[in-house]
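# Coordinates in review
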Amino acid sequence: MKITVVGTGYVGLVTGACLAEMGNHVLCLDLDARKIEMLNAGGIPIHEPGLEEVVQRNAAAKRLEFTTDVDRAVAHGTLQFIAVGTPPDEDGSADLQYVVAAARAIGERMTDYKVVIDKSTVPVGTSDKVRAAIDAALAARGVTLEFAVVSNPEFLKEGAAVADFMRPDRVVIGADDERAILLMRSLYAPYVRNRDRVLVMDLKSAEFTKYAANSMLATRISFMNELSRVAEAVGADIELVRQGIGSDPRIGTQFLYAGCGYGGSCFPKDVKALIRSASEAGQELELLSAVESVNERQKQVLGDKIIARFGADLSGRRFALWGLAFKPGTDDMREAPSRVLIERLTAAGAEVTAYDPVAMAEARRAMPGQAGLRYADSAVAALEGADALVIVTEWKEFRSPDFDAIRSTLRTPLVFDGRNLFEPALMKQLGIEYHAIGRPSA
Ligand SMILES: NC(=O)c1ccc[n+]([C@@H]2O[C@H](COP(=O)([O-])OP(=O)(O)OC[C@H]3O[C@@H](n4cnc5c(N)ncnc54)[C@H](O)[C@@H]3O)[C@@H](O)[C@H]2O)c1
Ligand SMILES: O=c1ccn([C@@H]2O[C@H](COP(=O)(O)OP(=O)(O)O[C@H]3O[C@H](CO)[C@@H](O)[C@H](O)[C@H]3O)[C@@H](O)[C@H]2O)c(=O)[nH]1
């Protein structure tokens, strides 16, 4: 099929590349000329395992192309995916200006039947706004053309985005147009082993499903983070509790890891947006408001532990920080807990030497000129002259480190672990003072 993807960010690029992988002819549009230039030169603007190969293979086969030319993009695809950003407005609601602008641009140029598919995460009712924007643009041109609006939310996780797209747990299609539903079913047929995994529903339910999924996952994390505080207070171990409850299939094992708070471009934004749109509909989401405030508090937990150990004035102290990205497998720094910690420690007078296997360039862009922050070339180099090691992102290479190097390179053998990577008993044996999340200190 001929497909246009409007917005070549994280989701747009993965969507475009994975749709081309199945033989579709995909044209990705972005208004950011530098991004498109880079992609056309064979580069890739994000770190995402496996994506570069898929992009390069399909670009070489001319099934995947990149452009800033809006006329060409609208003319190209019968299916027009909108995958632009929906950042939070000041009041937490999703800012729909990019979605509406993309829809308007399609309406201003289309000359034949189009299926306009919203892949961005958008509040319930956005499909009506997309339809209205296209209708208005067509009316302004004085033409009548058929088109369908579809909601097709994306559930991929960063760091596993290609696998998530190629083998989705489910594909949600919100639509009320039979022709569009048939096109969407056939588009996704190669990706799902079982046709029941394609869930066709009304547009509003599809839009809502995306927020409900992210809110449920965020709720599980905040629930465990809150319990981790109780575990510390009563002398229980949240890791054992996690295994104890996760073995019940009604609960399941995933998204129960206590840590230093959830970050990323989705959970914080989407939880806020659902709270906001529910409130606009006259419904207060008490549970979800608590999920958000527990997370804000959790992002302070490592800072609290460090200040409890060293005092509020950290001048003259230096901390080694392992991990900057909001999770492993990505260089994404959006809402990363590391940012909150770095700001807190440096504001208290400390110096931070950070190391991340892939996110340091992105961190430099995200925190330009951050006073008191330096970057190290390796995990061990970050330890030099530091009073303690603080672990914020659970990259695989941090899971079995050279403990001798940790002990001998730090000024004091002291580790604050925001991701519960090590066994407290082992750390005790190794003679390393160890503070984790919801676990007995060693
Ligand atoms: N990042 C994720 O893991 C993820 C997963 C699922 C869903 N989502 C949702 O997908 C949407 C996109 O997220 P993202 O992380 O890919 O965003 P992003 O910020 O990485 O990319 C958005 C891109 O859209 C471009 N753009 C904006 N307006 C445009 C226009 N009118 N025409 C063409 N290009 C335009 C921007 O230049 C940018 O490159 C959001 O709604 C997000 O919530 C994101
Ligand atoms: O048990 C857990 C699981 C995750 N996290 C944290 O939660 C955040 C989000 O992690 P994850 O969900 O793996 O990453 P995202 O790439 O943000 O993916 C989420 O957000 C996307 C955008 O909407 C959705 O498409 C995905 O389904 C949804 O998992 C990260 O900071 C993780 O460290 C925890 O603290 N504990």
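Residues numbered from 1 in each chain as written. Chains lettered and ligands numbered in written order. Predicted model: local features only at pLDDT ≥ 70, side-chain atom pairs only at ≥ 80, totals over all residues.

## Some remarks on helix H9 (residues 203–234)
Residues lying three or four places apart along an α-helix face the same way, a consequence of the helix completing one turn every 3.6 residues. Using the following cut-off: Here a helix means four or more residues in a row that DSSP labels H or I, a strand means two or more in a row labelled E, and each is numbered from the N terminus. Take the residue count of a helix, subtract one, and multiply by 1.5 Å to get its expected span.
An ideal rise of 1.5 Å per residue puts 46 Å on 32 residues; H9 measures up with 47 Å between its terminal C-alpha atoms. Where H9 terminates, the next one or two residues include Gly-235, which has phi positive at roughly 85°.

## Observations concerning the site of ligand 2
Rule in force here: Should the C-beta atom of a residue, placed from the backbone, lie within 6 Å of a molecule or strand, that residue is near it. Side-chain classes follow a simple rule in which Ala, Val, Leu, Ile, Met, Phe, Trp, Tyr, Cys and Pro form the nonpolar group, Asp, Glu, Lys and Arg form the charged group, and the remainder, Gly included, forms the polar group. Here the limits of each domain have been adopted from an automatic or database domain assignment.
Every one of the 20 residues lining ligand 2 counts as a neighbour, but Glu-158, Tyr-257, Tyr-262, Gly-264 and Cys-266 are closest to it. Of the residues forming the shell around ligand 2, the biggest block, three residues, is contributed by H9. Split by residue class, the shell around ligand 2 holds eleven nonpolar, five polar and four charged. Shared between two domains, the shell around ligand 2 holds at least three residues of each, these being domain 1 (2–201) and domain 2 (216–435).

## Here's the deal with the UniProt feature "binding site: NAD(+)" (unreviewed entry) in the chain
The condition is simple: UniProt positions are given in the numbering used here, feature names are shortened, and annotations may be inferred rather than shown by experiment. Any residue with 12 or fewer other C-beta atoms within 10 Å of its own C-beta is exposed, any with 20 or more is buried, and the rest are partly exposed; the C-beta atoms used are placed from the backbone.
Cross-referencing UniProt, the feature "binding site: NAD(+)" (unreviewed entry) maps to Asp-30, Lys-35, Thr-86, Thr-121, Glu-158, Lys-269 and Arg-334 in the present numbering. What stands out for the annotated residues spanning 305 residues is how far apart their C-alpha atoms range, the widest pair being 23.8 Å apart. As for its placement among the helices and strands, Lys-35 is situated in helix H2 (residues 33–40). The exposure class of Lys-35 is buried, given the 21 C-beta atoms found within 10 Å.

## Remarks on the UniProt feature "domain: UDP-glucose/GDP-mannose dehydrogenase C-terminal" (unreviewed entry) in the chain
As annotated by UniProt and renumbered to match this structure, "domain: UDP-glucose/GDP-mannose dehydrogenase C-terminal" (unreviewed entry) occupies residues 320–424. The straight-line gap between the two end C-alpha atoms of residues 320–424 is 20 Å; of that span, 30% is helix and 18% is strand.

## Here's the deal with the environment of Gly-418
Under the convention used in this document: Contact between two residues is assigned when their C-beta atoms, built from the backbone, lie within 7 Å.
By secondary structure assignment, the location of Gly-418 is in the loop between strand S13 (414–417) and helix H18 (424–430). Taking C-alpha positions, Gly-418 is 22 Å from Arg-364, a pair spaced 54 residues apart along the chain. Non-local contacts of Gly-418, meaning those with residues more than four positions away in its chain, are made with Gly-259, Cys-260, Leu-302, Pro-337, Ile-391, Val-392 and Ile-437.

## A closer look at the domain arrangement of the chain
In many reports, interface size means the accessible area that the parts give up when they come together. The domain boundaries assigned to the chain delineate domain 1 (2–201) and domain 2 (216–435). Between domain 1 and domain 2, the C-alpha centre-to-centre distance is 33 Å. Contact residues are listed per partner, giving 16 residues for domain 1 and 16 residues for domain 2. In terms of residue class, the side of domain 1 that touches domain 2 is made up of eight nonpolar, five polar and three charged.

## Quick notes on the sheet that holds strand S14 (residues 433–435)
Spelled out, the test is: Two strands qualify as a pair provided that DSSP identifies no fewer than 2 bridges between them. For helices, the axis comes from a line fit to the C-alpha atoms of the stretch in contact; other axes are also lines fit to C-alpha atoms, and the angle between any two N-to-C directions lies between 0 and 180 degrees.
Strand order in the open sheet made by the six strands is S11-S10-S9-S12-S13-S14, with parallel pairing throughout. On the outer flanks of this sheet lie strand S11 (373–375) and S14, each paired with one strand and no other. Across the sheet, the axes of successive neighbouring strands diverge by a mean angle of 20°, strand direction being ignored. Both S13 and S14 contribute to a ladder of three bridges, which runs parallel. Bridging from a neighbouring strand, Leu-414 pairs with Glu-433 of S14.

## Notes on helix H3 (residues 51–60)
This is how the line gets drawn: As used here, the arc belongs to the directions running from the helix axis to the C-beta atoms.
All of the buried residues in H3 are Val-54, Val-55 and Asn-58. Each buried residue of H3 lies within a common arc of 100° when the element is viewed along its axis, so the set occupies one face. Next to the buried residues of H3 lie helix H1 (10–21), strand S3 (64–67) and helix H7 (161–166). Positive backbone phi, at 60°, marks Lys-62, one or two positions downstream of H3.

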